[in-house]
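The residues making up each chain are set out below.
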Amino acid sequence: MNDATAVTLGPLKLRNPVLAASGTYGSGIEAVPFADLSRVGGVVSKSVTTEPRRGNKTPRIFEVEAGMLNSIGLMNPGAAEFEREVLPEMLRLPCARILNVAGESIEDFAVLTRRFGSTEGLDAIELNVSCPNVSGGLDFGTRAPELKTLVAACRAATAKPLIVKLTPNVTDITELARAAIEGGADILSLVNTYQGLAVDWRRRRPELGSPSGMGGLSGPAIKPLALAAVQRVWRALRCPIIGIGGISSATDVLEFLVAGASAVQVGTANFADPAALVRIADELSQLQRAESLPPLWELTGTLEVPRP
Ligand SMILES: Cc1cc2nc3c(=O)[nH]c(=O)nc-3n(C[C@H](O)[C@H](O)[C@H](O)COP(=O)(O)O)c2cc1C
């Protein structure tokens, strides 16, 4: 590993801080013809659930100013087919491989974490807790006590690095972040998409086909919001953070590191260019040399807010 670009997040070591975000890069295999993944930090898989999911009614994607709304609805083949057809290929990727799991009950999350929790070649498990809890109604990621119980159940099911990906659609994200760390998370991913709505006023209809008509907003529009979430959690907890939201350049990555992240995930930018991840990682080390920056890990949380 190159010491200047390598980063460490608790028990997880990465060659550089640039990862692909869940749901925007398949399992990484699809990108191999276009992108040299030996130059990036890693890939996070699309969310896998216990059973196959067909996803929401179309349209599921709608482009908006400075970003996009999606309502995919966690479409995936389910754990058994994923394990048989996709995982073996994913484990051959020349970068860190992180499995993202989602569920409708605490038991679902624990079962999935146990199922994949000792798979050789998987570097970490990321829990997507922005999913509706079928017994409780609200998303798991919006209630601290439930979140802590969920994370503790998964912590007991694996010795691998455990990442909890939080939804930003809450009043105080630091409360949820604290609950996840208390439950046993090693790392927090901040953030998932922001709830949004696109309206076709002539038809008096939402543009997206989800049951509520709502979708998740991602892309450059959310970058300042995500930076604020990272900074708030960093100040409150000083824990390992993966920053996510609107990242499309090396300078975006550096902004997230300075705000408190130790690594980042790139999502929406992959749709415009499947090699964006590699470009960003390459630009990052070029910029590091050109500006004589210290090793990247030293930049984490160095933001100084001048006192009035
Ligand atoms: C089309 C699409 C599908 C997504 N699917 C998932 C998913 O399956 N699991 C998950 O945890 N996040 C999912 N996300 C959220 C992204 O991983 C990421 O948190 C979000 O898009 C913000 O990053 P970005 O602004 O770089 O896109 C999805 C995002 C998009 C745009």
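(A) Molecular detail of the overall build of the chain. Per the secondary structure count, the chain includes eight helices and 16 strands. Here the C-alpha radius of gyration of the chain, 18 Å, is about what a compact globule of 308 residues would show, namely 19 Å. For the C-alpha atoms alone, the extent of the chain along its principal axes is close to 50 × 50 × 45 Å. Counting all 308 residues of the chain, 50% fall into the buried class.

(B) How the structure looks around the nonpolar core. Ranked by size, the top nonpolar core spans 90 residues in total, and within it Ala180, Val230 and Val264 carry the most contacts. Once residues lying within four places of it in the same chain are set aside, the contact partners of Ala180 are Leu147, Val151, Val164, Leu166, Ala185 and Leu188.

(C) Broad picture of the sheet that holds strand β5 (residues 61-64). Judged by pairing direction, the sheet is antiparallel, and its four strands sit side by side in the order β5-β6-β14-β11 without closing on themselves. A strand with exactly one partner marks an edge of an open sheet, and here the two such strands are β5 and β11 (194-196). When strand polarity is set aside, the average angle formed by the axes of neighbouring strands in this sheet is 35°. Pairing geometry for β11 and strand β14 (residues 215-218), over three bridges, is antiparallel.

(D) The arrangement of the sheet that holds strand β10 (residues 187-190) in detail. If you walk around this closed barrel you meet the eight strands as β3-β4-β7-β8-β9-β10-β15-β16, and the pairing is parallel. Geometrically, the sheet is characterised by an average inter-axis angle of 25° between neighbouring strands, direction not taken into account.

(E) Here's a closer look at the site of the ligand. Surrounding the ligand, one finds 25 residues, the nearest of these being Ala21, Gly23, Ser218, Gly267 and Thr268. For the shell around the ligand, the per-class residue count stands at eight nonpolar, 15 polar and two charged.

(F) Just the packing of helix α5 (residues 223-237) against helix α6 (residues 250-259), in detail. At a minimum axis separation of 8 Å, α5 and α6 run at an interaxial angle of 25°. Between α5 and α6, the crossing angle belongs to the class labelled roughly parallel. Taking contact as the criterion, the partners of Lys223, Leu227, Val230, Gln231 and Trp234 in α5 are, on α6, Asp252, Glu255, Phe256 and Ala259. When the residues that make up the contact of α5 with α6 are grouped by side-chain class, the tally is five nonpolar, one polar and three charged.

(G) Focus on the pairing of strand β15 (residues 241-244). Residue alternation in β15 divides its side chains into two sets, Ile241 and Gly243 and Ile242 and Ile244, and both sets are buried. In the sheet, β10 pairs with β15 via three bridges, with the strands oriented parallel. Opposite Ser189, over in β15, you have Ile242 as the bridge partner.

(H) Inspection of helix α1 (residues 79-90) at higher detail. An ideal rise of 1.5 Å per residue puts 16 Å on 12 residues; α1 reaches only 14 Å between its terminal C-alpha atoms. Those residues of α1 not exposed but buried are Ala79, Phe82 and Leu87. For α1, the angular spread of the buried residues around the axis is 65°, confining them to a single face. In α1, those exposed residues whose orientation departs by more than 90 degrees from the buried face are Arg84, Glu85 and Pro88.

(I) A look at the environment of Thr149. Checked against the element boundaries, Thr149 lands in helix α3 (residues 144-155). Spatially, the C-alpha atom of Thr149 lies 38 Å from that of Ala275, the residues being 126 residues apart in sequence.

(J) Examining unusual backbone geometry more closely. Here Thr58 and Pro59 are connected by a cis peptide whose omega angle stands at -10°. Among the structural elements, Pro59 can be located in the loop between β4 (42-44) and β5. Residue Val191 follows Leu190 across a cis peptide bond; omega there is 15°. Tracing the backbone through its elements, the reader meets Val191 in the loop between β10 and β11. The phi dihedral of Ala66 is positive, around 60°, even though this residue is not glycine. Along the chain, Ala66 turns up in the loop between β5 and β6 (67-70).

Cut-offs applied
Residues numbered from 1 in each chain as written. Predicted model: local features only at pLDDT ≥ 70, side-chain atom pairs only at ≥ 80, totals over all residues. Helix = DSSP H or I, 4+ residues; strand = E, 2+ residues; numbered from the N terminus. Rg over C-alpha atoms; globule rule 2.2 N^0.38 Å. Buried ≥ 20, exposed ≤ 12 C-beta atoms within 10 Å, placed from the backbone. Core = buried A, V, L, I, M, F, W, Y, C linked by C-beta atoms within 7 Å. Contact = placed C-beta atoms within 7 Å. Pairing = 2+ DSSP bridges. Axes fitted to C-alpha atoms, helices over the stretch in contact; angles between N-to-C directions. Near = placed C-beta within 6 Å. Nonpolar A, V, L, I, M, F, W, Y, C, P; charged D, E, K, R; others polar. Parallel < 35°, antiparallel > 145°, perpendicular 65-115°, else oblique. Expected span 1.5 Å × (residues − 1). Arc of directions from axis to C-beta.

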